[in-house]
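Tertiary structure, described
Next come the chains, spelled out residue by residue.
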Amino acid sequence: MSKLSEYPMTDKTFRCGHCGNTTVMQKIAVNRYTQTIDKDIPEQCHVDYEWYVLVCCTCKEVNVIEYSIWPDQEKNINILMTMDVISMK
């Protein structure tokens, strides 16, 4: 099992959904996905998604963040989920 200190820090700050503190967080996992909106149109619309699993450096709780980038280059940021860290013993 990896220690929390082994994970890289985010480049920018995020607001924790648990404690409300705005801070850099530890990046536990990152994943990307591209969705094609309309397959019947030659100029297909693609939406790029990125999900981050982050741990708050203040309260040590987990936050899941989603970025979505639409064709007009508008970047949306959503906090999808906050969850308590459960000890697996």
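From a predicted model like this one, the values you see are computed outputs, not experimental measurements.

1. A look at the overall build of the chain
- Counting its regular elements, the chain contains 0 helices and 6 strands.
- The order of α-helices and β-strands along the chain, N terminus first, is β-β-β-β-β-β.
- Taking all contacts inside the chain whose residues are at least 6 apart in sequence as the whole, residues at least 24 apart take part in 32%.
- Surface exposure of the chain reaches about 6400 Å², of which carbon and sulfur atoms provide 51%.

2. Topic: the confidence of the model for the chain
- When pLDDT is averaged along the chain, the result is 77; 69% of the residues meet or exceed 70.
- Counting contacts from residues 83-89, a segment whose pLDDT is below 50, to residues more than four positions away or on other chains yields 8 contacts.

3. Digging into the packing of aromatic side chains
- Applying the stated criterion across every chain, the model contains 3 aromatic pairs.
- Centroid distance Tyr49 to Trp51: 5.7 Å. Interplanar angle 5 degrees. Geometry classified as stacked.
- Measuring from ring centre to ring centre gives 5.4 Å for Tyr52 and Tyr67, while their planes differ by 75 degrees; the resulting arrangement is edge-to-face. Remark: Tyr67 occurs in strand β5 (residues 62-69) and Tyr52 occurs in strand β4 (residues 46-56); sequence separation between them is 15 residues. Take Tyr52 and Tyr67: they sit in the same class, and that class is buried.

4. Considering the environment of Asn21
- Counting through the fold element by element, Asn21 comes out in the loop between β1 (14-15) and β2 (22-23).
- Residue class for Asn21 comes out partly exposed when judged on its relative accessible area of 31%.
- With 35 residues separating them along the chain, Asn21 and Cys56 place their C-alpha atoms 8.4 Å apart.
- Ignoring sequence-local partners within four residues, the contact set of Asn21 consists of Phe14, Arg15, Cys16 and Thr58.
- Of the polar contacts made by the side chain of Asn21, one reaches the side chain of Thr58; its length is 2.5 Å.

Cut-off values and rules
Residues numbered from 1 in each chain as written. Predicted model: local features only at pLDDT ≥ 70, side-chain atom pairs only at ≥ 80, totals over all residues. Heavy atoms only, no water. Helix = DSSP H or I, 4+ residues; strand = E, 2+ residues; numbered from the N terminus. Contact = heavy atoms within 4.5 Å. Areas by Shrake-Rupley, 256 points an atom, 1.4 Å probe, with all protein chains shown as cover. pLDDT = per-residue confidence, 0-100. Phe/Tyr/Trp six-rings, centres within 6.5 Å; stacked < 30°, edge-to-face > 60°. Buried < 20%, exposed > 50% of the residue type's maximum accessible area, 1.4 Å probe, protein only. Polar contact = N/O pair within 3.5 Å; in protein donor to acceptor, adjacent residues only side chain to side chain.

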